[in-house]
Amino acid sequence: MNELFTVHPFPASGTPHDLEPAIREQVKAFAFKGHSQLGADIIDAFPALGLIANYGVGYDTIDVSHAYSKGIKVTNTPDVLTNDVADLAVGMLLAFNRSIPGAHDWVQAGHWSQRGAYPLQRSLSGVSVGIAGLGRIGAAVGRRLQGFDTDVHYYSRSAKDEGRNWTFHSDLQHLAEAVDILMVCVSGGPDTAGIISSDVIEALGADGVLVNCARGSTVDEAALLDALENKRIRGAALDVFDNEPRIDERFMTLDNVLLQPHQSSGTIETRQLMGQLQRDNLSAFFAGKPLPTEVT
Ligand code: 8YV
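Residues numbered from 1 in each chain as written. Predicted model: local features only at pLDDT ≥ 70, side-chain atom pairs only at ≥ 80, totals over all residues. Heavy atoms only, no water.

## A closer look at the site of the ligand
Now for step 1: Around the ligand, the surrounding shell consists of G34, H35, Y55, G56, V57, G58, L81, R215, H262, S265, R271 and M274.
Now for step 2: A distance of 3.3 Å separates an oxygen atom of the ligand from a polar side-chain atom of H35.
Now for step 3: The separation between an oxygen atom of the ligand and a polar main-chain atom of G58 is 2.8 Å.
Now for step 4: Protein coverage of the free-state accessible area of the ligand, which is 330 Å², stands at 92%.
Now for step 5: Its residues assigned to classes, the shell around the ligand shows four nonpolar, six polar and two charged. (Near = heavy atom within 4 Å. Polar contact = N/O pair within 3.5 Å; in protein donor to acceptor, adjacent residues only side chain to side chain. Areas by Shrake-Rupley, 256 points an atom, 1.4 Å probe, with all protein chains shown as cover. Nonpolar A, V, L, I, M, F, W, Y, C, P; charged D, E, K, R; others polar.)

Structure, rendered in structure tokens:
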């Protein structure tokens with residue numbers, strides 16, 4: 001980054017006023033990384049801003065409509081992270097259903113030789129799995145789940161070609177009623193805030209498992225915690241939360257969750273590709289060329 005551009009670091013925890021006004025007035029592009037709010041207050045503090053290049057596919061924390069209203073373009077990093085995110089989502093499900101972390105602890109604690117076999121766990125093959133949102137990541141999750149011989153269902157605004165071998169539901173609650181496992185793969189933002197409502201969680205039922213690799217904001221987290229604590233669902237495997245990384249303390253004592261630190265795109269390979277795509281967008285912007293992955 002430093003070889004290509006003149007970089008003025010602006011920490012996620014800071015404010016625009018951490019930069020000298022003389023610098024702020026010159027900044028033409030943001031290389032944004034993080035999940036803090038990038039709202040109108042920050043955008044307005046940079047009068048020469050023309051591009052917000054996001055490091056990530058999700059741009060829910062960026063006030064895109066305000067940026068557009070000022071002629072500022074926004075780019076993201078789609079496609080390059082799809083496989084890793086889908087791998088982690090299915091990996092979390094398998095790890096939860098077979099209690100792989102717990103079984104590992106059982107061996108290391110010496111329980112195997114002292115107490116014997118590990119308690120029996122649950123199959124993945126043969127179960128019905130619902131995918132909420134059949135975009136790039138949801139479709140990649142579906143393809144993987146097909147390989148595990150599951151019965152794939154999905155919820156989307158309309159039936160998708162990608163889902164022709166899968167069962168389409170136009171209603172999220174009906175999807176939750178029909179399946180054992182619900183994988184959340186919708187993008188974050190106002191349209192999807194809280195769509196995994198208490199009704200959807202209850203519809204999943206006492207044997208249901210929720211897997212979230214999308215955004216914490218998509219789930220009514222208070223309802224989820226309540227359902228988990230009272231065993232009204234079997235469990236949850238979560239990579240995303242409200243208030244990351246200071247997540248609700250109630251998660252720390254649950255025995256029916258598998259928790260990950262928002263790391264679904266966190267591989268060396270994918271993070272290099274995301275960084276490259278972000279730099280390509282910045283370079284194209286400064287060269288006056290079409291932006292490779294503009295959010296429209
Ligand atoms: C993050 C993600 O971008 O792409 C997304 O939407 O949530 C992640 O890949 C990554 O954690 C960097 O902030």
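Further notes follow.
## So, the pairing of strand β5 (residues 151–155)
Now for step 1: The buried count for β5 comes to four of five residues, which makes it a mostly enclosed element.
Now for step 2: In this structure, strand β4 (residues 128–132) lies alongside β5, joined through five bridges in parallel fashion. Across the sheet, I131 pairs through a bridge with Y154, a residue of β5.
Now for step 3: Once the chain exits β4 it traverses helix α7 (residues 136–147) before rejoining the sheet at β5, and the crossover so formed is right-handed.
Now for step 4: By the bridge criterion, three bridges tie β5 to strand β6 (residues 167–169) in an arrangement that is parallel. Looking at the pairing, Y154 lines up with F168 of β6. (Buried < 20%, exposed > 50% of the residue type's maximum accessible area, 1.4 Å probe, protein only. Helix = DSSP H or I, 4+ residues; strand = E, 2+ residues; numbered from the N terminus. Pairing = 2+ DSSP bridges. Right-handed = clockwise from strand over helix to strand, strands pointing away.)

## Some remarks on the environment of K73
Now for step 1: With respect to the element layout, K73 can be found in strand β3 (residues 73–75).
Now for step 2: Placed 221 residues apart in sequence, K73 and E294 show a C-alpha to C-alpha distance of 7.2 Å.
Now for step 3: Each residue touching K73, except ones within four places of it in the same chain, is listed here: G50, L51, I52, L291 and E294. (Contact = heavy atoms within 4.5 Å.)

## Some details on the domain arrangement of the chain
Now for step 1: Once the domains are mapped, the chain shows domain 1 (16–79 + 267–287) and domain 2 (82–259).
Now for step 2: Taken over C-alpha atoms, the centre of domain 1 sits 31 Å from the centre of domain 2.
Now for step 3: Taken together, the contact pairs eight residues of domain 1 with seven residues of domain 2.
Now for step 4: Contact between domain 1 and domain 2 buries roughly 640 Å² in total, counting both sides, with carbon and sulfur atoms accounting for 41%.
Now for step 5: Interface area lost by domain 1 to domain 2 is led by H35, D60 and D79, which between them contribute 63%.
Now for step 6: If you look at where domain 1 meets domain 2, you find two salt bridges.
Now for step 7: Ionic pairing is found between R136 and D79, a salt bridge with its closest N-O pair at 2.9 Å.
Now for step 8: Between domain 1 and domain 2 we count five residue pairs in polar contact (both at pLDDT 80 or more) in total.
Now for step 9: Taken together, the residues that form the side of domain 1 that touches domain 2 break down as two nonpolar, four polar and two charged. (Domains from an automatic or database assignment. Buried area = accessible area lost by both parts, 1.4 Å probe. Salt bridge = Lys/Arg side-chain N within 4 Å of Asp/Glu carboxyl O.)

## Remarks on the packing of aromatic side chains
Now for step 1: Counted by the stated rule, this structure contains six aromatic pairs.
Now for step 2: An angle of 75 degrees between the planes, with centres 5.3 Å apart, marks the rings of F241 and F251 as edge-to-face. In this pair, F241 is assigned in the loop between β9 (235–238) and β10 (257–259) and F251 in the loop between β9 and β10, connecting sequence segments 10 residues apart. As far as the burial class goes, F241 and F251 line up, both buried.
Now for step 3: Feature note: the residues F5, F285 and F286 constitute an aromatic cluster, connected by ring pairs. (Phe/Tyr/Trp six-rings, centres within 6.5 Å; stacked < 30°, edge-to-face > 60°.)

## Focus: helix α11 (residues 268–286)
Now for step 1: For α11, spanning 19 residues, the distance from its first C-alpha to its last is 27 Å, which sits close to the expected 27 Å at 1.5 Å a residue.
Now for step 2: Of the positions making up α11, those classed as buried are T270, M274, G275, L277, Q278, N281, L282 and A284.
Now for step 3: Positive backbone phi, approximately 70 degrees, marks G288, located one or two places after α11. (Expected span 1.5 Å × (residues − 1).)

## Regarding unusual backbone geometry
Now for step 1: E244 connects to P245 through a cis peptide bond whose omega is -5 degrees.
Now for step 2: Structurally, the position occupied by P245 is in the loop between β9 and β10.
Now for step 3: One non-glycine residue, S99, lies in positive phi territory at about 50 degrees.
Now for step 4: Considering the arrangement of structural elements, one finds S99 in the loop between α4 (82–97) and α5 (100–108).
Now for step 5: Look at S99 and you get buried, because its relative accessible area is 15%.
Now for step 6: We note that D149 has phi near 55 degrees; this positive angle belongs to a residue other than glycine.
Now for step 7: With respect to the helices and strands, D149 occurs in the loop between α7 and β5.

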